[in-house]
Amino acid sequence: MSRFKDNSSKGTPAISTASLPDIIFMLLFFFMVTTVMREVDLLVKITLPEASETTKLEDKALVDYIYIGTPQAKALGSEPLMQLNDQFAKLDEIAGWVKAGEDRREEVLIPKITRSLKVDKETNMKIVTDVKQELRKSNALKINYSTAQAR
Amino acid sequence: MLKKRKREGIQEINAGSMADIAFLLLIFFLVTTTMDTDAGILRLLPPVVEEEVDMQVNKRDVYEVLINDADMLLVEGEMMDIKDLRAGAKEFMTNPTNDIDLPERRRVTAAECNQKIGEYRSYVAGASDAEAKDGYQKALEKWEEKLEAVKLLGDFSELPPNAVISLQTGSKTSYDMYVRVQNELEAGIRELRDDLSKEKFGRKYSELDEKKDEDKALIKAVRLVYPQRVSEAEPVDVTKKS
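How each quantity is defined
The residue count restarts for each chain, going from 1 along the sequence in the order it is written. The lettering of chains begins at A and the numbering of ligands begins at 1, in the order of writing. The model is predicted, so local features are restricted to residues of pLDDT at least 70 and side-chain atom pairs to those at 80 or more, both for listing and for counting; the totals for chains, interfaces and linings are taken over all residues. Strands are runs of DSSP state E lasting at least 2 residues, helices are runs of H or I lasting at least 4, and numbering of each runs from the N terminus. C-alpha atoms define the radius of gyration in this analysis, and the globule rule sets the expected value at 2.2 Å times the number of residues to the power 0.38. Each residue is classified by how many other C-beta atoms fall within 10 Å of its C-beta atom, where C-beta atoms are placed from the backbone; a count of 20 or more means buried, 12 or fewer means exposed, and values in between mean partly exposed. Two residues qualify as being in contact provided that their C-beta atoms, derived from the backbone, are within 7 Å of each other. Any two strands between which DSSP finds at least two bridges are classified as paired. All the domain ranges listed were derived from an automatic or database domain assignment. Take the buried Ala, Val, Leu, Ile, Met, Phe, Trp, Tyr and Cys residues, join any whose C-beta atoms are within 7 Å, and the set you get is a nonpolar core. Per residue, pLDDT measures the predictor's confidence, with a range of 0 to 100. The arc in question is traced by the directions running from the helix axis to the C-beta atoms. Only the stretch in contact is used when a helix axis is fitted, and all axes are lines through C-alpha atoms; the angle between N-to-C directions ranges over 0 to 180 degrees. The span you would expect from a helix comes to 1.5 Å times its residue count less one.

**Some thoughts on the overall build of chain A**
Helix and strand counts for chain A stand at four helices and nine strands. Put simply, chain A runs from its N terminus to its C terminus through helices and strands in the order α-α-β-β-β-β-β-β-α-β-α-β-β. For 151 residues, the compact-globule estimate of 2.2 N^0.38 gives 15 Å, and the C-alpha radius of gyration of chain A, at 25 Å, exceeds that figure by more than 25%. Projected onto its principal axes, the C-alpha positions of chain A cover 85 × 40 × 35 Å. Residues classed as buried in chain A amount to 23% of the 151 residues present. Considering only intrachain contacts with a sequence separation of at least 6, the fraction spanning at least 24 residues in chain A is 78%.

**Quick look at the interface of chain B and chain A**
With 39 residues of chain B in contact, the opposing surface of chain A contributes 47 residues. Counting residues per element, the ones that place at least two in the side of chain B that touches chain A are helix 2 (18-32), strand 1 (39-44) and helix 6 (175-201) of chain B. Judged from the five bridges that link them, strand 8 (residues 142-146) of chain A and strand 1 of chain B form a sheet pairing that is antiparallel. By the bridge assignment for strand 1 of chain B, A:Lys142 is matched with B:Leu44.

**Side note on the environment of B:Phe23**
All names here are of chain B. Checked against the element boundaries, Phe23 lands in helix 2. A tally of 16 C-beta atoms within 10 Å means that Phe23 is categorised as partly exposed. Each C-alpha atom of the pair Phe23 and Leu185 lies 49 Å from the other, and the pair is 162 residues apart in sequence.

**Side note on the domain arrangement of chain A**
Often, the extent of an interface is quoted as the loss of accessible area on bringing the components together. Along its sequence, chain A is carved into domain 1 (2-34) and domain 2 (44-149). Between the C-alpha centres of domain 1 of chain A and domain 2 of chain A there is a distance of 49 Å.

**Structural notes on the nonpolar core**
Residues and elements named next belong to chain B. Grouped together as the largest cluster of nonpolar side chains are 54 residues, with contacts concentrated most on Val65, Ala89, Ile165, Tyr178 and Val181. No other element matches the seven residues that helix 6 contributes to this core. Those residues within four positions of Val181 in sequence are excluded, and the remaining contacts are Val65, Ile67, Ile82, Leu85 and Leu167.

**Remarks on the confidence of the model for chain A**
Mean pLDDT for chain A: 84, with 90% of residues reaching 70 or above. The weakest mean pLDDT in chain A belongs to helix 1 (residues 2-10) of chain A at 54; the strongest belongs to helix 3 (residues 94-103) of chain A at 92.

**Remarks on helix 7 (residues 213-225) of chain B**
Of all the positions in helix 7 of chain B, only B:Leu218, B:Ala221, B:Val222, B:Leu224 and B:Val225 are classed as buried. Along the axis of helix 7 of chain B, the buried residues cluster in a sector spanning 160°; they form a single face.

**Some points on the pairing of strand 7 (residues 164-169) of chain B**
Residue and element names in this part refer to chain B. The sheet contact formed by strand 2 (residues 62-67) and strand 7 spans six bridges and is parallel. What sits directly across from Val65, in strand 7, is Leu167. Here two bridges tie strand 7 to strand 8 (residues 230-231), and the two strands are oriented parallel to one another. Counterpart to Ile165 in the pairing with strand 8 is Val230.

**Overview of the confidence of the model for chain B**
Residues and elements named next belong to chain B. On average, residues of chain B score 81 in pLDDT, and 88% of them reach the 70 mark or higher. Across chain B, the element-wise mean pLDDT spans from 53 in helix 1 (residues 2-8) up to 90 in helix 6. Taken together, the stretch residues 237-242 has pLDDT below 50 and engages in 10 contacts with residues farther than four places along the chain or on a different chain. Overall fold confidence for the complex sits at a pTM of 0.77, while the interface term, ipTM, reaches 0.76.

**A closer look at the sheet that holds strand 2 of chain B**
Note on sheets: strands pair through backbone hydrogen bonds, and any given pair is parallel or antiparallel. All names here are of chain B. The strand order across the open sheet formed by five strands is 4-3-2-7-8, and the pairing between neighbours is mixed. The sheet is open, and its two borders are formed by strand 4 (78-80) and strand 8, each paired with just one other strand. Note: strand 2 against strand 3 (residues 73-75), three bridges, orientation antiparallel. Following the sheet pairing, Ile67 is matched in strand 3 by Leu73. Across the face of the sheet, helix 6 comes into contact with strand 2, strand 7 and strand 8 while running at roughly 155° to strand 2.

**Some words on helix 5 (residues 130-153) of chain B**
All names here are of chain B. Taking 1.5 Å per residue, 24 residues should reach 34 Å; helix 5 reaches 34 Å between its end C-alpha atoms and fits that length. If you check which residues of helix 5 are buried, you get Trp143, Lys146, Ala149 and Val150. Summarising the contacts, the buried residues of helix 5 are in contact with strand 5 (106-108), helix 4 (110-126), strand 6 (156-158) and helix 7. Just downstream of helix 5 lies Gly154, where phi reads positive at about 80°.

**A few points about unusual backbone geometry**
Here A:Asn139, not a glycine, exhibits a phi torsion of approximately 60°, which is positive. Within the secondary structure, A:Asn139 sits in the loop between helix 4 (125-137) and strand 8. The residue B:Asp71 is not glycine, and still its phi comes out positive at about 65°.

What follows is the structure, given as structure tokens:
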């Protein structure tokens, strides 16, 4: 008993770690809230082209992605394919996809939706131009050519 | 006293490991979080036009950039290296020597803006049907915007409304080349805006903050002088063009 008493009167008392869980929990909640879990499984190989004059897309919730590139599975050939959500899609499916994206959001936000084209840099312009034409037809006019930051 | 309590009630659960559990969860979320935001070149596609409109566009108002299937550039009918494109786009936008092959920039003065605003105000008031009124209202707003810009920048010269950088590609052009060309054009315009903003406001255009109200007007004014005019026009098969 006496030993304990000595200790407390001599040196500085140990810092209480009782609040440590609270601090950690706070950090935990922060990351839980900011985490976006649903990352699409890429079915195509994409190396983004580099550009220096880029704009950041601020609001992730208002961005829909179109992926174009050669399929990862070798059996599907080496022609570039388009991926919407989690599967390969044909050009005429874009209209429905745009509609679905708009239905998911509030009406006032619809004009603010950006369609971000994540296209492999080796792709020919043909498919990109076709996709752009489809987007125009569905009145999805705000697009973004996704790029990697050039150094 | 302590001993007595132990015997009576239930023992308190040790909360010492709580921090460890929380740490574990925290590390899991740290690893799974993707913080990176997507960046890229933003473009607006033109809406689909119902019927073919035969627009009379002056040749000097169009800066024609063609990329062929072999990723070579043809600008205004001449072969060009991509590193000269930025300067070319800037020259097109500014027309410093008043070249007759480049768009004619027109001076905008406060007096003219005021006069036009007055005119259109009376048109709007006197318009009989809604459609005409709408048209006048739009024109009025345009002139009001110009007046705002004149207040901030002083008299400036504006690009003709139909001046455009037209970018066309072949079907086998690589996307990489396309993005590089877009990037150069974007860079040209950004440099012009930066220079203007630096000269007038002492800050670069890219340093202006869109979220601040006082900067908003400045951005608008600079954009009016050097508008973003890269056309994502109807695809034309470049290879078939002679």
